[in-house]
Amino acid sequence: MTATTADRPATGGFLDAMAALAGGVCVVTTAAADGTPAGFTSTAVMSLSRAPQLIAIGVQRGSRTLPLLQDGGRLALNILAVDGESVSRRFADPAVDRFAGLEWTTGEGGVPLLLAQSTYAALCRVREEVAAGDHLLLIADVDEIIPGHGGAGALVHHARRYHGIGA
């Protein structure tokens, strides 16, 4: 039997090609049953459907936040503003208290909202999980869109660097 790309680990060529794909930078947030906030940085996000309003988020199977998303089913997709690089880095670092000293509020169900750092936040409910290699694809219903205070422009990640557009 011939090995397919699905059978092989990611190579430098794959990683380089994916780094050339620009992605909007978001922070996915949720809360544990006791209200403890959690979240992570993601560029693996897409608008999936207009009717019904759906998004899809790729989540690493080993993510500490994944069980909270699966148990509670509620999340906020915080779309970072052009000046949100430090917030993105904070939520990508597993060694820091991601919410310490950060301005945030809560939406319905106690879900943390990073409105000061975002152009928009979407309050969502997980509808479905799809197994996708070393990730799960979470498909979520968008219940509410909340304008942020982060100003115009978006933070994107391309070629392993942050860039601001539309500011």
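Please read these numbers as outputs of a predicted model, since none were measured by experiment.

Before going further, it helps to examine the nonpolar core. Residues I55, I57, V59, L75, L77 and C124 are the most contacted members of the largest nonpolar core, which totals 16 residues. Contributions of two or more residues to this core are made by strand 2 (26-31), strand 5 (54-60), helix 2 (66-72), strand 6 (74-80), strand 9 (118-132) and strand 10 (135-147). The biggest single contributor to this core is strand 10, with four residues. Setting aside residues up to four positions removed in sequence, L75 forms contacts with V28, T29, I57, L69, V111, A122, L123, C124, V126 and A140. With ten residues, the next largest nonpolar core counts L80, F91, L155 and Y162 among its residues.

Pairing in this open sheet of seven strands is antiparallel, and the strands run 3-2-6-9-10-5-4 from one edge to the other. Two strands in the sheet have a free side with no partner beyond their single neighbour: strand 3 (37-42) and strand 4 (45-49). On average, adjacent strands in this sheet sit at an angle of 35° to one another, irrespective of strand direction. As paired strands, strand 2 and strand 6 are joined by four bridges and run antiparallel to one another. When the bridges of strand 6 are listed, C26 appears paired with I79. Its contacts with the sheet put helix 3 (residues 85-92) on strand 2, strand 3 and strand 6, and the angle it makes with strand 3 is roughly 110°.

Below, the discussion takes up the sheet that holds strand 12 (residues 161-165). A sheet is described by the order of its strands in space; here three strands give the open sequence 1-11-12, paired in antiparallel fashion. The two strands at the open ends of the sheet, each matched to only one other strand, are strand 1 (23-24) and strand 12. With five bridges connecting them, strand 11 (residues 154-158) and strand 12 associate as antiparallel partners. Among the inter-strand pairings, L155 is bridged to a residue of strand 12, identified as G164.

Basis of the calculations
Numbers given to residues run from 1 along each chain, matching the order in which its sequence is written. Two thresholds apply to this predicted model, a pLDDT of at least 70 for residue-level local features and 80 or more for giving and counting side-chain atom pairs, whereas whole-chain, interface and lining totals are computed over all residues. Neither water nor hydrogens contribute to the side-chain values; these are computed over all heavy atoms in the structure. To qualify as a nonpolar core, a set must consist of buried Ala, Val, Leu, Ile, Met, Phe, Trp, Tyr and Cys residues joined through side-chain atoms within 4.5 Å. For the exposure calls, accessible area comes from a 1.4 Å probe over protein chains only, and a residue counts as buried if that area is under 20% of its type's maximum, exposed if over 50%, partly exposed in between. Numbered from the N terminus, helices here are DSSP runs of H or I no shorter than four residues, and strands are runs of E no shorter than two. We call two residues in contact whenever any of their non-hydrogen atoms come within 4.5 Å of each other. In this scheme, strands are said to pair when DSSP sees at least two bridges between them. Axis definition: a line fit to C-alpha positions, over the contact stretch in the case of helices; interaxial angles, taken between N-to-C directions, run 0 to 180 degrees.

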